[in-house]
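Take a look at the letters that make up each chain.
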Amino acid sequence: MRIAAPLLLAICLLPPGLLEAADQRIEFFEKRIRPLLVHHCQECHGSDQQEGKLRLDSMAGWKRGGKTGPAIVPGDPSSSLLVKAVSYQDDRLKMPPDKKDQLSRQQVEDIMTWIRQGAIDPRTGTSVAIATSGMNHWAFQPIRSARIKKNAHPVDDLIEKQLRKKKFTPTPPANHQALIRRMTYDLHGLPPTRDQLATEPGQLDALIDSLLASPRYGERWARHWLDVARYADAKDGVLMYGDARIRPFAYTYRDYVIRAFNDDKPFDRFIREQIAADKLGLPADAPEHAAMGLLTLGRMFDRNRHDVIDDQIDTITRGFLGLTVSCARCHDHKFDPIPTADYYSLYGVFASSIEPYNRPRVGTVSEEGRAYETELEAKLTEVFDKRQQHYEFLLQTARDRTPDYLVQIASTEPDLSETAIFFLSLIPEQLRPQITYRWRQLIARRAFPDDPVFGPWHDLMKDPTLQVESWKKRAVDPRIIAGLAEAQPRSPEEIARVYGQVIRSVWSRELEIDRELEAIKTQRSALSSTYLNLADLVAGGNGLGTGKRGQAIEPVNGTITGKSEGFVDIQQHDTLIPVPASQFVDGVFIPKTSTAIISTTGLTITDLPATSGQTWDYFRFGPSGGFTVNTIDGVDYNQPPQWMLALHANKGITFDLSAIRDTQAIESARFKALLGHGGEKGTSSIDFFVYLDGKRVHQVKGFLAQQPGSLVDLPLSPDARFLTLVVTEAGQGLSHDQAILGNPRITFTSSDKNTSKRTFELAKLAAREESLRAELGSRKSLLEDPLGSLLLSRESPVWFPIDKTYNYLSRQDKDAFRGLVNQIDSISVKHKAAAPRAMVMIDDDPLVDPVIFQRGDPTQRGTPVPRQFLQIASPVPQAPFAHGSGRLDLANAIASKDNPLTARVWVNRVWMHHFGEPLVENPSDFGLRTTQPVQHELLDYLAHVLIRSGWKTKSLHRLIMSSAVYQRSSETGNNSRYRNQGVQDPTNQYLWRAHRRRLDLEQMRDTFLMVSGQLENKLYGRPGLITDMDFNRRTIYTFIERQNVPSVVKVFDAANPDTSTARRVNTTVPQQALFAMNSTFISRSAKLIAEQATAEKPVDRIIQIYQAVLGRAPGADEITLGVEFTTTSPWENYAHALLMTNELMFID
Amino acid sequence: MNHSYLLTRRETLQQMGTGIGLLALPSLVDAAPNPLTPKSPHFRPRAKHIIHIYLNGGPSQVDTWDPKPELTRMNGKRLPAGNLTTERETGVALASPFKFRQHGESGLWCSSVFEKTASQHADKICVINSMYANTPNHEQSMRLMNTGDERLSRPSYGSWLTYGLGSENQNLPGYVALCPGLPVADSSNWRSAFLPGIYQGTYLDTRKTNVNELIDNIKNSSISPADQRRQLDLLARLNRKHQEKRLDDPHLEARIQSFELAYRMQMEATDALDISREPKHIQERYGADKVHGRQMLIARRLVERGVRVVQCYHGDVQPWDSHGDIANAHRNLGNEADGPIAALIQDLDQRGLLDETLIICGGEFGRTPAVEIPIGSNAKPTGRDHNHHGFTVWLAGGGIRGGTVYGKTDEFGYQAVEDRVHVHDLHATMLYLMGFDHEKLTYRHAGRDFRLTDVEGRVVHPIIA
């Protein structure tokens, strides 16, 4: 099965060269040999024809060879018949036979190279094995319906046939009361009510009908399926504690399953919905979408995608088909006809599907649930924006660093980290190992002499001598030649760098043009604007909205950043720190004494109030960190279309009006803003000053928090150069001293504008644009350009789909992003009234075309395979899935009535839950090692009935439960005949008696709740904790943990939700007895039962307690025991003892 | 018919064919085999119990048992061969801040961090300096060390051993994990996965000092022991009556017996965990007033009573994870662990239990000889990153050749280079010492036979006496 990790180690120990070589040899086979064999050989030596008994469509084929022996001797081309044949050396053996099809010299050489290097052939997993090993296995045969004797019950007829063969005598029918109890536990998981116990002997069919019609039925049978579906409400992994462990909408899947059983949803439909509800044309809010929880509720495997997919494949194939397909992850299945190729065909289906952040809502929003919807929407927007931002940055950076990547490849051996990256903590500056790996792959694939880009690469790595003339002849891209000729590189690193620079320049030039065109566009709109947003300037924008809200100028180094900080560690006060990232902001400063340099030209002011010299956070477009308010006079300036600039004291900022004037072509203008106080505390106050070229032109002193806004409106004369704003702490300390400027702007009217200058500027822009467009027009589209496409196509090593962004983030960004994504769930956990949402999957874009991972190791990519169904259960010929990821095709293939496995597997499970023992021993493994069951005919008959009934499970229950077999007694007494039968058939495969069964966890807890009158019958909804003494709903509604499972769940053999459970184990351990003896849960039930028994006489009380707990009247000796006990012990101890009895815990 | 733990018949028959042989084959009719019945391993075992002192978080080999003078010489300089890839970025060589000395007749090297253990027991200890694992991440490596797989749901070695050996004492769990708090990857460290739940490690939070709180439902606070006895006697009579017509069913009998077992377990389990019953000088020797001494003493009491596997995790989450200030962090951790470990070995030795108890001490991986470069803060580089390329685990007791060193790391202690021992090899060796061929202790699940070492593992014979 899975051996990826140890294998990685083994590979790690190999010399790195060898690893690379193995990889390259497979590449070589895929690129040169496979197409050649397909086109020239396989028509006659393939699956359809086998001339000379030789097949060349698999490794096994040429190894076995044909009439004349093995076709290839690995490592020795001259002894290989294949070489002899294709090189036309021998007149008797010329292949292909027609001279006009003869292989080229290059092709023959390729074959020889391939054989010389060991004839590496990844084409294992042949249909040959399937054809021979599996086809005769009983479970793969079509389902056949048996002939039933007229007027006989079909189940009884088939079983009697077997019993007669063995000369076995069945046990008599069970006692009527026992039978009623068996039926209610079977269908409801609950003891019978008084009314049910009163069912007349001839009325059992009516009882079955009424049990099936009750919602309690779905609550019981859903639990059986949830075992198979490895259902849990919890996540697993590190730091999954408390609320963080909760999968808030897991319960919608559980509810879906309960509903499906209660509605008697046809089982084939049940399959389709669970695998592909998104593909069934359902309304967007249909509750059936929750069915896909089957795919999304598994373990998280530390976010290793391959393991998650393996778990999906395992659950679906074992769950529906009874096939252990997961065994084929590393090698062809050892026992069953499942080649590795089949595993990866299914792998491709799930790898092409993703779980979206935005889960569809599948219920109505209540009044209390509204707040959740709003909060969720905002959070999703935040997540998507953040991801987009990261994605663009990562792609740009990766393209920009092409030279570094190529140098890395030229100067280092492959590092294991390049393919096993999930544990790495990357720092932002590090090259991304996955991209390095893909560059290595691309170069390995393309560094062959005839490649127009990387043709010279191999030679150059060995010897940096340039061979310009020979390259020209070989049509190597002239830009590569020119780049190399100009740089005259001397080492592999230098060569790689030149390569990288040439490739990057093709892309970056286009990027520059694009950027410049974009800039022209904004400059043009700037020339027609009437104001400039000063907060936007602080965020690195042009004043017209190109800056990003939240960005800020960092006062120590003048950079523009999205970061924030509390108190800033100021090294230098009273002096201007330039802001090179903005042409409009001259600089910033932190005032401390009365004198400060306020411009890059050295302008100094001397009339400032002295301050502590401390300051909080940065110069920010939007609020500073900490406790702030963003409203002035009731208007929230942090919400578009408003904007605000936050300046926590003590800060000064100078804008360069001449730069503004230049781009705007204006002469005069006005500065306007609404000054507000952003601090939360009323006692805080600030001073605010405006300077024009160092002269104070405006001031507001002692401005208080919550004070009404103060409008600033100042003319800016045509000759003024520097506008300076200063906020100081106004003496009484710094806490909450936060100035906020609402809509700070420089405004101008058309009369402020210099029209001729404006016209001139516009003309200049038009000319520049024209020349850029001309350049762009003369260029090939980057995607067609062989160098441009290296960085821009989807095949580029730098490219990855946006939903994989997370894998490329640095440690800090990763943690932050994951934190953000987790908030989607934490919001959903917090809002208890949130409308239900479905944990769906949808198709990914792009889809994944799977390849075989050799020996299960994702770093060892082998042969491509189509997304398609398993060969063993497919019609011939097998066809690739046609729709998207193929999930619907997969579901249809499983749910097909022609599939020999699906119906058999399901009826076997149903049978098992009625009898305690299945007909087929391993309910999730119908493979070759599971021999044909004794009751094969019965199994087939039931499967046939199921399909014929329209896959209705309830009709199956009726059929089974109405049989004499089901209604047999489990008691064999002291009868020697039965003892003898027990020796011959210890596991009762011939079904001559019923099995006694112990209550499982759910039946037990529900029983205690019911007999003590505590059970609360409410359907559906969020789970409660099993350890919560106030949670009295049925056990199916308890929170299913994955980690730190409550001891009661563990010791009573509940299904382990780590993997699909076919059958629970059944142990009897003292920890169970401890629970019965000492748990507060049982003590409380006992107490309530005792309290409810209110009869005066002890004898009557004993009868009441017997009726409540065991549903029957006590015998005389039991009454005597009870009286004796209760004379000295409390009644609740007595009720407690009855709750612990085998009579209660076992179903006869 | 004293069989109290039941698998279904089919499972039993199935497991008999593929896995281990049952000591006593029950007759076919009344078979209700006890999954914890003592069973014979494949061959003569060297050890009957394991105490695993788990220094979770990854103790540094170059600061404890693997001295590297070259590292000291290169302190502050770049390592000539470069740094290996670990979880985070690392920088120059960081010399160990601890003094190393040789101990015992064997002259085993050890730093001041484990001074007491080394000075008293060097000649009983075998240090493996050439351990290696797969990834420098806690959760994966914890699971690898405990279950042989990093991410998938596989049974822990303790579960495998309990499955293979059963339990010597039916009144106690066969496998116990002690930890003040929870280690990283919490219950997946002692899970039974696809093995029956009864083989899962019983976890006890040793922060709790009240013995009755350690095991769920061990005591009923509202019924006196005498009343409970009466109640159980009544129960037995009711159950016997119910059984009269159902004599053929071993499950009924098993459940009847389980109440008697549970009644005794209430006593025995609390007794085993109650260290106040130890003489004062023993408590003092262990330092049982603190949690590390207390849990080491509990471990001895459990082993004494027949528990097969006891794990003592050092603490909550990953205490040995000294990314910063390793000098102080490792010193403090050593001060917590060293005395109790020394006391445990001495105590077991005195009681004649050391020969049959295999002691394993180490973490899930080691640490880098190069200093870790802290991410995004002004912290000074004073710690070490995770390092799975080479680390130290030492063993003592049952079947171990004491006073020896096995395997080597390179001159700086970065990577195991000589006689490398993978975690799978350690597992194979542990199973061997307990009497099992690791390739033959198997369990069939989901279509195939599984084993602790998957397709790996080789027994390290030179460390065996």
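Residues numbered from 1 in each chain as written. Chains lettered and ligands numbered in written order. Predicted model: local features only at pLDDT ≥ 70, side-chain atom pairs only at ≥ 80, totals over all residues. Heavy atoms only, no water.

**What to know about the nonpolar core**
To be explicit about the condition: As used here, the term nonpolar core means buried Ala, Val, Leu, Ile, Met, Phe, Trp, Tyr and Cys residues forming a set that is joined through side-chain atoms within 4.5 Å. Exposure is judged per residue with a 1.4 Å probe applied to protein chains only, and the accessible area is read against the type maximum: over 50% gives exposed, under 20% gives buried, and values in between give partly exposed. A run of H or I in DSSP counts as a helix once it spans at least four residues, and a run of E counts as a strand once it spans at least two, with each numbered from the N terminus. Contacts between residues were defined by any pair of non-hydrogen atoms, one from each residue, lying within 4.5 Å.
W225 and Y499 of chain A are the most contacted members of the largest nonpolar core, which totals 173 residues. No other element matches helix α23 (residues 492–527) of chain A, which puts nine residues into this core. Leave out the neighbours within four places in its chain, and Y499 of chain A touches L406, V453, F454, P456, W457, L460, I480 and L484 of chain A. In this structure, V1051 and I1147 of chain A together with M296 and C312 of chain B belong to the second largest nonpolar core, which totals 104 residues.

**Describing the side chain of N1078 of chain A**
Stated precisely, the cut-off is as follows: Here a polar contact is taken to be a pair of N or O atoms separated by no more than 3.5 Å, where protein atoms must pair a possible hydrogen donor with a possible acceptor and residues adjacent in sequence count only if both atoms sit in side chains.
Here N1078 of chain A shows up in helix α36 (residues 1070–1078). Within the structure, the side chain of N1078 of chain A is placed 2.6 Å from the side chain of Q266 of chain B, a separation counted as a polar contact. Look past the residues within four positions of N1078 of chain A in its chain and what remains in contact with it is N217, I218, K219, N220, Q228 and Q266 of chain B.

**Re helix α5 (residues 105–116) of chain A**
Residue and element names in this part refer to chain A. As a reminder, the rule being used: In a helix, the anticipated span is given by 1.5 Å times the number of residues less one. When we speak of the arc, we mean the arc of directions from the helix axis to the C-beta atoms.
Here α5 spans 16 Å end to end across 12 residues, near enough to the 16 Å set by a 1.5 Å rise per residue. Within the sequence span of α5, burial applies to V108, D110, I111, W114 and I115. Relative to the axis of α5, the buried residues are bounded by an arc of 155° and lie together on one face. Positive backbone phi, at 110°, marks G118, one or two positions downstream of α5.

**Thoughts on the interface of chain A and chain B**
Defined as follows: The buried area of a pairing is the accessible area, by a 1.4 Å probe, that goes missing from both parts when the two are put together, added over both. A side-chain nitrogen of Lys or Arg and a carboxyl oxygen of Asp or Glu constitute a salt bridge if their distance falls within 4 Å.
The interface of chain A with chain B comprises 85 residues on the first partner and 89 residues on the second. Carbon and sulfur atoms make up 55% of the area that chain A and chain B hide from each other, which totals about 8100 Å². Between chain A and chain B we count nine salt bridges in total. With a closest N to O distance of 3.7 Å, K241 of chain B and D1117 of chain A form a salt bridge. Taken together, chain A and chain B are joined by 25 residue pairs in polar contact (both at pLDDT 80 or more).

**Some words on the confidence of the model for chain B**
Low pLDDT means the predicted atomic positions in that stretch should not be read closely. All names here are of chain B. Stated formally: A residue's pLDDT is simply how confident the predictor is in it, with values from 0 to 100.
Looking at chain B as a whole, the pLDDT averages 89, with 92% of positions reaching at least 70. Segment residues 1–32 is flagged for pLDDT under 50; beyond a separation of four residues in sequence, or across chains, it makes 82 contacts in the model. Reported for the predicted complex are a pTM of 0.76 and an ipTM of 0.78.

**Notes on the packing of helix α40 (residues 1131–1139) of chain A against helix α7 (residues 225–243) of chain B**
To characterise two packed helices, one gives the angle between the axes of the helices and the distance between these axes. Inclusion rule: Think of each axis as a best-fit line through the C-alpha atoms, taken over the contacting stretch in the case of a helix, with angles from 0 to 180 degrees between the N-to-C directions. Put simply, angles under 35 degrees are roughly parallel, angles over 145 are roughly antiparallel, angles from 65 to 115 are roughly perpendicular, and the rest are oblique. Left-handed describes a crossing whose near helix is turned anticlockwise from the far helix through less than a right angle; right-handed describes the clockwise counterpart.
α7 of chain B packs onto α40 of chain A with a crossing angle of 40° between their chain directions and a minimal axis gap of 9 Å. Taken together, the axes of α40 of chain A and α7 of chain B are oblique relative to one another. Crossing hand, α40 of chain A versus α7 of chain B: right-handed. Within the contact between the two elements, α40 of chain A uses N1133, Y1134, H1136, A1137 and L1138 of chain A and α7 of chain B uses D227, Q231, L234, L235 and L238 of chain B.

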